[in-house]
Amino acid sequence: GAVVSQHPSWVICKSGTSVKIECRSLDFQATTMFWYRQFPKQSLMLMATSNEGSKATYEQGVEKDKFLINHASLTLSTLTVTSAHPEDSSFYICSALTSGGAPSEQYFGPGTRLTVT
Amino acid sequence: KQEVTQIPAALSVPEGENLVLNCSFTDSAIYNLQWFRQDPGKGLTSLLLIQSSQREQTSGRLNASLDKSSGRSTLYIAASQPGDSATYLCATGANSKLTFGKGITLSVRP
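All of these numbers come straight from a predicted model, not from anything done at the bench.

Q: What is the right way to look at unusual backbone geometry in this model?
A: Glycine aside, the phi torsion of most residues is negative, and most peptide linkages are trans. His-7 of chain A connects to Pro-8 of chain A through a cis peptide bond whose omega is 0 degrees. Along the polypeptide, Pro-8 of chain A turns up in the loop between strand E1 (4–7) and strand E2 (10–13). Here the amide bond leading from Ile-7 of chain B into Pro-8 of chain B is cis, since omega sits at 5 degrees, within 30 degrees of zero. By the secondary structure assignment, Pro-8 of chain B is in the loop between strand E1 (4–5) and strand E2 (10–14). Unlike most non-glycine residues, Lys-41 of chain A shows phi in positive territory, near 60 degrees. When you line up the elements, Lys-41 of chain A lands in the loop between strand E4 (32–38) and strand E5 (44–51). In this model, Ala-79 of chain B sits at a positive phi of 45 degrees, which is unusual for a non-glycine residue. Mapping Ala-79 of chain B onto the fold places it in the loop between strand E8 (72–77) and strand E9 (86–94). On the basis of relative accessibility, which here comes to 37%, the residue Ala-79 of chain B falls in the partly exposed class.

Q: Help me understand the interface of chain B and chain A in this model?
A: Interface size, as often reported, equals the accessible area lost upon joining of the parts. With 18 residues of chain B at the contact, the number on the chain A side is 20 residues. For the pair chain B and chain A, the two sides together bury roughly 1400 Å², of which 55% comes from carbon and sulfur. The tally of links between chain B and chain A comes to one salt bridge. Between Glu-59 of chain A and Lys-97 of chain B there is a salt bridge whose closest N-O contact spans 2.8 Å. Across the contact surface, chain B and chain A share three residue pairs in polar contact (both at pLDDT 80 or more). Sorting the residues of the side of chain B that touches chain A by element identifies strand E4 (32–38), strand E5 (44–51) and strand E10 (97–100) of chain B as the ones contributing at least two each. Among the residues forming the side of chain B that touches chain A, the class breakdown is six nonpolar, nine polar and three charged.

Here is what the cut-offs are and how they apply
- Residues numbered from 1 in each chain as written.
- Chains lettered and ligands numbered in written order.
- Predicted model: local features only at pLDDT ≥ 70, side-chain atom pairs only at ≥ 80, totals over all residues.
- Heavy atoms only, no water.
- Helix = DSSP H or I, 4+ residues; strand = E, 2+ residues; numbered from the N terminus.
- Buried < 20%, exposed > 50% of the residue type's maximum accessible area, 1.4 Å probe, protein only.
- Contact = heavy atoms within 4.5 Å.
- Buried area = accessible area lost by both parts, 1.4 Å probe.
- Salt bridge = Lys/Arg side-chain N within 4 Å of Asp/Glu carboxyl O.
- Polar contact = N/O pair within 3.5 Å; in protein donor to acceptor, adjacent residues only side chain to side chain.
- Nonpolar A, V, L, I, M, F, W, Y, C, P; charged D, E, K, R; others polar.

That is the geometry; function is a separate question.
Written out as structure tokens, the structure reads:
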């Protein structure tokens, strides 16, 4: 089946620093990837849609200058949290959309736990 | 704006019991509905995907149904096992985007 990896699985950083999270589709090409954020006991909230070779589309309320997304290849999207603050501490999950055939389906990575101190 | 609701937030059952998890959504204009499993601190595992033209999908002890007209989906788990303990999330899909419920945390007691 389709496999999506994320790196790192967890990271602790100091307030004011930047953190980069990678999302890779290991055995398929994904022109579209999604980034979600999940707070404890809350649902996943879509942050942005990442399209290979073009600018990401951000959901309402998500600061594009704070959460930088780059989708430079068909198998890799990165999320950089710039000038991180404690309120950015969360579980970040990416997904990759399969294409071709039916049905199109999102496959999810294992998530990255970010803690900002 | 689509809203997905899962009630109750938590459920505890004895091993061997058959159970139903409910999911409701406000906008019936969906392409599909998915059920996921999430273990603590982990990512999502897709369990079942129902296309909008379908009414149900089955995989092993799991059966998911979809009633678009009433905005409801159910996940039926037969003969529950302690290993089924996890959080189950449903999500509706439209325009390739998923809208998630908060999930139901299931505990199956040995």
